Protein chains: 2
Amino acid sequence: MNKKVVLSVLLLAAMSSAQAADPLSAWNDTAAKNAIMQWVQNATNQDRSTYIPPDKRYVVFDNDGTLWPEAPLTFQLQFAVDEVKRLAPQHPEWKNDPVLGAVLNNDLKAVAASGEKGLMQLLAATHSDITTEEFAQRVSQWVDNQRDQRFGCRYDSMGYQPMRQVLDYLRDNGFKTWIISGGGIDFMRVLSQKMYGIPPEQVVGSFSLSEFSLTEDGTQLRKTMKGAFNDDAAAKPVAIHLFMGQRPVAAFGNSDGDLAMMQYTAANPDFKTFGLIVHHTDDKREYAYDSHPPASGKLVEGLTVAKEKGWTVVDMQKDWKTVFDPAQCALKPGN
Amino acid sequence: MNKKVVLSVLLLAAMSSAQAADPLSAWNDTAAKNAIMQWVQNATNQDRSTYIPPDKRYVVFDNDGTLWPEAPLTFQLQFAVDEVKRLAPQHPEWKNDPVLGAVLNNDLKAVAASGEKGLMQLLAATHSDITTEEFAQRVSQWVDNQRDQRFGCRYDSMGYQPMRQVLDYLRDNGFKTWIISGGGIDFMRVLSQKMYGIPPEQVVGSFSLSEFSLTEDGTQLRKTMKGAFNDDAAAKPVAIHLFMGQRPVAAFGNSDGDLAMMQYTAANPDFKTFGLIVHHTDDKREYAYDSHPPASGKLVEGLTVAKEKGWTVVDMQKDWKTVFDPAQCALKPGN
């Protein structure tokens, strides 16, 4: 090795060790990053009054808009749209249906105008009357075959890098990380382990009940629309109690739909909690919205309450060094 | 020390080390114990085709009649009965109610005859319209104040010692232990960590939805009877999928109400699974029943299917050295 090479190797080693030393390297050194690290240090230091014992370190994250994008459509809604198109040849009657026909005509305004009822119909057509295994298979195939249209990346490569680092950092400090999302529970669970390192049982979302039966060669769970539970807004603390059975010590969200979950967490009587809201302020690298969101993600009341409660509000543009992991998902040239 | 004392000390040390070496010391050395240990050894030995990777080691246990007694009433039904009596002074109208009046008159036959509707009324009176915290408090107080009438022991000391050893043994071998029970989720979660070493989120049972609201000084989750889910029979695999999101590799039950869960487990396409049924054959140390059970626990079809599937059927009288941990719960003299 000549001197230049040796120097480069040393430099690289030093850089990589500096990077390894910073668990939140995708964050700029601003107040937001500092608040996260300060809270974790206080919560894990046994000598401080803010200490939280390991068996109480439960933290909850919204998914759409908090861990991955929700614009222009949530990824799951995009999945439903793509599935309607894929399955349409087997369902010629869909063409004449007001909702499914609108999907086939790319008239998403008409779909949105159909409201809750239209959404349920779209879900029924794409999320029910198949086995749980078949559904998981369909989600996997969709992820393998489709790309986000603006960024050109695989959907499962679009977890926000700064937030994935927060998940890792919390787990490295003994926290159990949970997703509490309005997204479908069966949809998210196909992706959560690989994308976020979160096992299926720690992913909670909207759900309907499946139906069990014996088959010739085993058993079957068939997805239905019965007992539908919409895990949003005031339903989020209900779901946390039902699935997790503990009150969290930290909550991460991005919209008014996360407010109840964050208030429930903040009212934990036993510990100094942490709250964080991701504010979408970056239309160059992602999207910018709050009071006028895309299909989901309205954030108005949350900003007011965050001030009262002292929650950390992340300014995506200023606080995040990167949005997506550049090794996995880079902006398409020209975007 | 004289020689005799030295010998005794050595003997005691040898005995205690032999005991420590046997994770299932409360089991007699019969086929049942052997089957459990053989399956665990096969599942954890990377050199065998029966190996199960750690992230797939999910095992499910019924609770009533599998981990603790369900006779003469399930403990939760006994709790409801005791609560009606405790709360009656504040509800003079209960005296004239067919179901609650029957409870107050100790006429449990009339309560049983009132069927599902009567049971729901009993649950509504004792399990709803209070906050989740108040309910947990009531369960704790009941456990502190009441004793099982036949054995004279605290209810939370009556976990079957052999089954608690199986739970420990499985966890020591990297398995995640879950409860999937017809019992109420909020009731069991008060006791599961201490009794079984199982954290709240791994306890699944019958549930209703709570209701979230803001209060003057924080937030509140109030128990209701809405969205009632009865986690029994064909609903158990549905609950496993909903809460755990994986198919188990082993299932432990004791009644026909566990059959669907055990069939769902046995049909796991990826691994050599294990099934075990506790057959209550010991009316001296516990109870003996199958086709004619107490309030719950009928076992008929389960015995037939167990033979076809090669599940282990535990003969409580022959296979268990102890039923309850004698250090915690000994039979009352004269019983």
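Residues numbered from 1 in each chain as written. Chains lettered and ligands numbered in written order. Predicted model: local features only at pLDDT ≥ 70, side-chain atom pairs only at ≥ 80, totals over all residues. Heavy atoms only, no water.

### Examining the interface of chain B and chain A
If you look at the interface, chain B gives 35 residues, while chain A gives 35 residues. The largest per-residue losses of area from chain B upon contact with chain A belong to Glu-201, Phe-212 and Leu-242 of chain B, which jointly make up 21% of the total buried on that side. For the pair chain B and chain A, the interface holds four salt bridges. Salt-bridge contacts for Arg-247 of chain A lead to Glu-133 of chain B; the nearest nitrogen and oxygen are separated by 3.1 Å. Looking at which element gives the most residues to the side of chain B that touches chain A, the answer is helix H11 (residues 235-244) of chain B, with six residues. Across the side of chain B that touches chain A, the residue classes break down as 20 nonpolar, eight polar and seven charged. (Contact = heavy atoms within 4.5 Å. Buried area = accessible area lost by both parts, 1.4 Å probe. Salt bridge = Lys/Arg side-chain N within 4 Å of Asp/Glu carboxyl O. Helix = DSSP H or I, 4+ residues; strand = E, 2+ residues; numbered from the N terminus. Nonpolar A, V, L, I, M, F, W, Y, C, P; charged D, E, K, R; others polar.)

### Some words on the state of the cysteines
All names here are of chain A. Following the criterion strictly, the structure yields two disulfides over all chains and no others. In this model Cys-153 forms its disulfide with Cys-329; the gap between the sulfur atoms is 2.1 Å. On the sign convention where negative is left-handed, the bridge of Cys-153 and Cys-329, at about 75 degrees about the S-S bond, is right-handed. With a gap of 176 residues between them, Cys-153 in the loop between helix H7 (132-145) and helix H8 (161-172) and Cys-329 in the segment after helix H14 (316-319) connect regions that are remote in the sequence. Taking relative accessible area as the criterion, Cys-153 reaches 4% and is therefore assigned buried. A relative accessible area of 4% places Cys-329 in the buried class. (Disulfide = S-S within 2.5 Å. Buried < 20%, exposed > 50% of the residue type's maximum accessible area, 1.4 Å probe, protein only.)

### Some points on the domain arrangement of chain A
Residues and elements named next belong to chain A. When its domains are assigned, chain A resolves into domain 1 (25-70 + 154-319) and domain 2 (75-145). For domain 1 versus domain 2, the separation of C-alpha centres amounts to 26 Å. In this assembly, 20 residues from domain 1 lie in contact with 20 residues from domain 2. Interface area, domain 1 with domain 2, both sides summed: about 1900 Å², of which 70% is carbon and sulfur. At the boundary of domain 1 with domain 2, the tally comes to two salt bridges. Notably, a salt bridge pairs Asp-144 with Arg-154, separated by 3.0 Å at the nearest N-O pair. Remark: the boundary between domain 1 and domain 2 carries six residue pairs in polar contact (both at pLDDT 80 or more). For the side of domain 1 that touches domain 2, the secondary structure elements donating two or more residues are strand S2 (176-184), helix H9 (185-189) and strand S5 (218-223). Residues that form the side of domain 1 that touches domain 2 fall into these classes: 10 nonpolar, five polar and five charged. (Domains from an automatic or database assignment. Polar contact = N/O pair within 3.5 Å; in protein donor to acceptor, adjacent residues only side chain to side chain.)

### A word on the environment of Ala-295 of chain A
Residues and elements named next belong to chain A. Its place among the elements puts Ala-295 in the loop between strand S8 (288-289) and helix H13 (301-309). Exposure remark for Ala-295: the relative accessible area of 54% places this residue in the exposed category. Expressed as a C-alpha distance, the spacing of Ala-295 and Gln-317, which sit 22 residues apart in the sequence, is 21 Å. Setting aside chain neighbours within four positions, we find Ala-295 in contact with Pro-72 and Leu-73.

### Here's the deal with the environment of Asn-105 of chain A
When you line up the elements, Asn-105 of chain A lands in the loop between helix H4 (98-104) and helix H5 (108-113). The exposed category is assigned to Asn-105 of chain A, whose relative accessible area is 59%.

### Examining empty space enclosed by the protein
Summary: where empty space remains is shown by rolling a probe the size of a single water molecule over the atoms. All names here are of chain A. For the coordinates displayed, the defined rule picks out two cavities of 30 Å³ or more. Quantified by volume, the largest cavity comes out at close to 60 Å³. At three residues, the largest contribution of residues to the lining of the largest cavity is made by helix H11 (residues 235-244). Taken together, the residues that form the lining of the largest cavity break down as four nonpolar, three polar and two charged. Volume-wise, the second largest cavity comes out at about 40 Å³. What lines the second largest cavity is simply Asn-63, Trp-68, Ile-179, Met-188, Leu-191, Ser-192, Met-195 and Tyr-196. (1 Å grid on protein atoms, 1.4 Å probe; cavity = no way out; pocket = protein on both sides within 12 Å on 5 of 7 lines; lining within 4 Å. Points joined across faces, edges and corners; volume = space filled by probe spheres on them.)

### Side note on the relation of the copies chain B and chain A
Both copies of the chain are related by one operation, a rotation about an axis with a shift along it. Its rotation angle being 180 degrees, the transformation that places chain B on chain A also includes 0.0 Å of axial translation and leaves an RMSD of 0.0 Å. Such a combination of rotation and displacement between the chain copies is what one expects of a two-fold axis. For chain B, the minimum C-alpha distance to the rotation axis belongs to Phe-243 of chain B and amounts to 3.3 Å. When the interface residues of chain B are mapped onto chain A, 100% of them again fall at the interface, so both copies present the same face. (Least-squares fit on C-alpha atoms with pLDDT ≥ 70 in both.)

### Remarks on the pattern of salt bridges
Residues and elements named next belong to chain A. Applying the stated criterion across every chain yields a total of 32 salt bridges over all chains. With a closest N to O distance of 2.7 Å, Lys-33 and Asp-22 form a salt bridge. Taken as a pair, Lys-33 in helix H2 (residues 31-44) and Asp-22 in the loop between helix H1 (3-21) and H2 lie far apart in primary sequence, 11 residues in all. Classification of Lys-33 as buried rests on a relative accessible area of 6%. Taking the relative accessible area as the measure of exposure, Asp-22 reaches 22% and is therefore partly exposed. If you follow the salt bridges from partner to partner, you end up with Asp-144, Arg-154, Asp-156 and Lys-194 in one network.

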